[in-house]
Amino acid sequence: MPAMRIPNFVAKKERGEKITMLTAYDYTMARLLETAGVDGLLVGDSLGMVVQGKENTLPVTLEEMIYHAEMVARGASSSLVVVDLPFPAHYVGIEKTIENAARILKESSAQAVKVEAGANDVKAIEALTSAGIPVMAHCGLRPQTVHQMGGYKVHRDDKQLQVDVQAMEKAGAFAVVLECVPATAAAEVTSQVAIPTIGIGAGVGCDGQILVIHDLLGVPDGNLPKHVKAYAALGEQIVAAVRDYCTDVRNGDFPADDQTFA
Ligand code: KIV
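Residues numbered from 1 in each chain as written. Predicted model: local features only at pLDDT ≥ 70, side-chain atom pairs only at ≥ 80, totals over all residues. Heavy atoms only, no water.

Asks: Give a description of helix 2 (residues 27–35) that names residues and reports values.
Replies: Listing the buried residues of helix 2 in full gives A30, L33 and E34. All buried residues of helix 2 project into a common sector of 100 degrees when viewed along the axis, lining one side. Of the exposed residues in helix 2, the ones pointing more than 90 degrees away from its buried face are T28, L32 and T35. Buried residues in helix 2 make contact with strand 1 (19–23), strand 2 (40–43), helix 4 (62–75) and helix 10 (213–216). A distance of 3.1 Å separates the backbone nitrogen of T28 from a side-chain oxygen at the start of helix 2, and that oxygen is part of D26. Once helix 2 ends, the next one or two residues include G37, with phi positive near 95 degrees. (Buried < 20%, exposed > 50% of the residue type's maximum accessible area, 1.4 Å probe, protein only. Helix = DSSP H or I, 4+ residues; strand = E, 2+ residues; numbered from the N terminus. Arc of directions from axis to C-beta. Contact = heavy atoms within 4.5 Å. Polar contact = N/O pair within 3.5 Å; in protein donor to acceptor, adjacent residues only side chain to side chain.)

Shown next as structure tokens:
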């Protein structure tokens, strides 16, 4: 697969080709997802929940993002690798923001950062892009503001969404994630901007889609959010496989002759 870089990403929108993205948090998964042909890998701060078992994304540190990003970038030779700028992201002053984002690119070989931002954050996004740091913006539901929202809620202010996305385009973002917004609002704003929109819970009218890989694979137990489609039931398969292993070990059936050195 030819390498997917930022200009190719934008060109896909121009050609009307849908963009595929998934989260990845380690080398092995990055290789598998790339082999399957995914255009972009996001090292999301969702790793706080799906990898670390925390309540939300807020505790994830810059060091942890770099640690995971480095593994993903090593496993991805052709997919575009984007890394979340963790909370409090760009609210640490412009210089520190550039320093943090630059550390992600320098120390992980990823190609871009993702920043939860809107019209109030134009200066920070402009500063990053002027410094040569490509930015994927993240509008709509912004998980890093979970406490202000009082939980994860569909973002229903369509006008604000348009203002935010247009501001991000003007500030130099090369793409924008739209999280949990009504499909009509996402389709409308997608038609208003030249940069690709990547939806998660934002309907089919976006230029591309992203899901958390654990959700797509059906790893979590319990109810999945409405916007998720599980394409496999790996959680159940993992539990069944490990149960079989434990049974075999307990019964003396593993290791068998095939797994034993003479
Ligand atoms: O952190 C993350 O994984 C994300 C995606 C869900 C878009 O921001």
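What follows picks up the thread again.
Asks: Report on the environment of P255, specifying residues and quantitative values.
Replies: Summarising the element assignment, P255 is placed in the segment after helix 11 (234–251). Judged by relative accessible area, P255 falls into the partly exposed class, the value being 48%. It is 9.9 Å that separates the C-alpha atoms of P255 and Y245, two residues lying ten residues apart in sequence.

Asks: An account of the packing of helix 8 (residues 158–171) against helix 9 (residues 183–192) is requested, with residue identities and associated values reported.
Replies: The interhelical angle for the contact between helix 8 and helix 9, taken along N-to-C directions, is 30 degrees, at an axis separation of 10 Å. Comparing their axes, helix 9 and helix 8 come out roughly parallel. As for the relative orientation of helix 8 and helix 9, their crossing is right-handed in sense. For the pair helix 8 and helix 9, the contacting residues are D158, L161, Q162, V165, Q166 and E169 in the first and A185, E188, V189 and Q192 in the second. When the residues that make up the contact of helix 8 with helix 9 are grouped by side-chain class, the tally is four nonpolar, three polar and three charged. (Axes fitted to C-alpha atoms, helices over the stretch in contact; angles between N-to-C directions. Parallel < 35°, antiparallel > 145°, perpendicular 65-115°, else oblique. Left-handed = near helix turned anticlockwise from the far one by under 90°. Nonpolar A, V, L, I, M, F, W, Y, C, P; charged D, E, K, R; others polar.)

Asks: Residues and numbers for helix 9, please.
Replies: Within the sequence span of helix 9, burial applies to A185, A186, V189 and T190. Here the buried residues of helix 9 occupy an arc of 135 degrees about the axis, which is enough to place them on one side. Along helix 9, exposed side chains directed more than 90 degrees from the buried face belong to T184 and S191. Where helix 9 is buried, its residues meet helix 1 (6–15), helix 8, strand 6 (175–179) and strand 7 (197–200).

Asks: Residues and numbers for the packing of helix 6 (residues 122–130) against helix 8, please.
Replies: Packing of helix 6 against helix 8 leaves a shortest axis separation of 8 Å and a crossing angle of 30 degrees. By the angle between their directions, the pair helix 6 and helix 8 is classed as roughly parallel. Two packed elements cross with a definite hand, and for helix 6 against helix 8 that hand is right-handed. Between helix 6 and helix 8, the residues in contact are V122, I125, E126 and T129 and A167, M168 and A171, respectively. The class makeup of the residues in the contact of helix 6 with helix 8 is five nonpolar, one polar and one charged.

Asks: Describe in detail the sheet that holds strand 5 (residues 135–140), supporting the description with residues and values.
Replies: Ordered in space as 1-2-3-4-5-6-7-8, the eight strands form a closed barrel in which the pairing is parallel. Ignoring which end each strand starts from, the neighbouring axes of this sheet average 25 degrees apart. Strand direction decides the pairing type here: strand 3 (residues 80–84) and strand 4 (residues 112–116), joined by three bridges, are parallel. Within the sheet, the bridge partner assigned to D84 lies in strand 4 and is K114. Running over the sheet, helix 5 (residues 94–108) touches strand 3 and strand 4 and is turned about 145 degrees from strand 4. (Pairing = 2+ DSSP bridges.)

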